[in-house]
Amino acid sequence: MKRVIAGIMLVLFACTGAGAESSVWKARKGGSVLYLGGTCHVLREQDFPLPAEFDRAYLAAQVVVFETDLGKLQAPATQQRFLAKAMYGDGSTVDKHLSPKAYAALSAFSEANGIPLSTFGRFKPSMIVTTLTLMELLKMGVTQQGVDNVYYARAIADKKAVDGLETADQQIDYVVSMADGNEDDFVDYSIADMKNIREQFGLLVGAWRTGDAGTLDELMSGEFKARQPQLYKRLIVERNKNWLPVIEGYQKLRQTRFVLVGVAHLVGPDGIIEALRQKGYTVEKL
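The rules behind each value
- Residues numbered from 1 in each chain as written.
- Predicted model: local features only at pLDDT ≥ 70, side-chain atom pairs only at ≥ 80, totals over all residues.
- Heavy atoms only, no water.
- Pairing = 2+ DSSP bridges.
- Helix = DSSP H or I, 4+ residues; strand = E, 2+ residues; numbered from the N terminus.
- Buried < 20%, exposed > 50% of the residue type's maximum accessible area, 1.4 Å probe, protein only.
- Core = buried A, V, L, I, M, F, W, Y, C linked by side-chain atoms within 4.5 Å.
- Axes fitted to C-alpha atoms, helices over the stretch in contact; angles between N-to-C directions.
- Salt bridge = Lys/Arg side-chain N within 4 Å of Asp/Glu carboxyl O.

### Overview of the pairing of strand E1 (residues 24-29)
Pairing geometry for E1 and strand E2 (residues 32-39), over six bridges, is antiparallel. From the neighbouring strand, Lys26 faces E2, where its bridge partner is Tyr35. Where E1 folds back on E2, the antiparallel hairpin that results is connected by two residues, among which Gly30 adopts a positive phi of roughly 55 degrees. Here four bridges tie E1 to strand E8 (residues 282-285), and the two strands are oriented antiparallel to one another. Across the sheet, the residue bridging to Trp25 is Lys285, located in E8.

### A word on the pairing of strand E7 (residues 257-262)
Of all the six residues making up E7, six are buried; the element is thus mostly covered by neighbouring parts of the structure. In the sheet, E2 pairs with E7 via six bridges, with the strands oriented parallel. Bridge assignment links Leu36 to a residue of E7, and that residue is Val259. Note: strand E4 (residues 63-66) against E7, four bridges, orientation parallel. Residue pairing for E7: Val65 is matched across the bridge by Val259.

### So, the nonpolar core
Side chains that are nonpolar tend, in soluble globular proteins, to be buried together. Leu36, Trp208, Phe258 and Val259 are the most contacted members of the largest nonpolar core, which totals 81 residues. Broken down by element, the residue count for this core peaks at eight residues, all from helix H12 (residues 229-249). Formed by seven residues, the second largest nonpolar core is a distinct cluster that contains Leu137, Val142, Ile197 and Val205.

### Points about the sheet that holds E8
Read across the sheet, six strands follow the order E6-E4-E7-E2-E1-E8 without closing on themselves; strand pairing throughout is mixed. Each edge of the open sheet carries a strand with a single partner, namely strand E6 (161-164) and E8. Across the sheet, the axes of successive neighbouring strands diverge by a mean angle of 25 degrees, strand direction being ignored.

### Notes on the pattern of salt bridges
A full pass over the atoms with the stated rule returns 13 salt bridges. Measuring nitrogen to oxygen at the nearest pair gives 3.0 Å for the salt bridge that ties Asp169 to Arg81. Of this pair, Asp169 sits in helix H8 (residues 168-176) while Arg81 sits in helix H4 (residues 76-86); the two residues are 88 residues apart in sequence, bridging distant segments of the chain. Residue Asp169 is classed as partly exposed on the basis of its relative accessible area of 26%. The salt bridge involving Lys279 is made with Glu248; its shortest N-O contact spans 3.6 Å. Separated by 31 residues along the polypeptide, Lys279 in the loop between helix H13 (272-278) and E8 and Glu248 in helix H12 bring together distant segments of the chain. Residue class for Lys279 comes out partly exposed when judged on its relative accessible area of 37%. One salt-bridge network, held together by shared partners, links Arg81, Lys85, Asp169 and Asp173.

Have a look at this one:
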């Protein structure tokens, strides 16, 4: 999954192997401590239990921070807004926004999975591709019970405070607008990646579980950055820049926080881990 879908699944939504490390870091500066966990938003049953380092960070924190408030994201009213934004507001259909070649390819892939593309008529390509990708993952035994959901439910049960780095509506806007202005290329690369998703998902999960930051950066950002630079900038670079001042602000608070975000946001030269190091934080793996 070294193209667009690799970035999309682990950046926005969307790990087996054993190792001495995991995708959890501890950042220190001026006496303050902050934990950062790179997550997979979807997992298979075989990917549990989660690495013990996640529990260590969770137990040490008084506040758990997610990309957004998952409770609000899953609320019926929010889901209704999501569906409304995922459709063309002018009543047009997806075939009017794709070239005949791209539409034919998307239609063939959709029908091969038992769903006529007409079912998605008014939906934008980003929503169609996301749905088809989730269907491919479900065939592999993937559920939507990823790291984020596990610790959100646990924090609520333990009555720990939770927070979000962006609003639910901001996250929705990122999802529904992924293909805007670049629909044909988005569809072409996404179809190619969905066809290879089974093999590549295993590589991603293994690298995530062992905290192999170099491999994660290459798998999720390498070709994604090269082939879809504007989308990469919007989904990774811009969001990281928006989140960084908020994360830095935690240094001034007395409560220890555990920040859980898609692992693509943490690794690599554009990642939050490197940004914190540049700002004088001492960062180490748990």
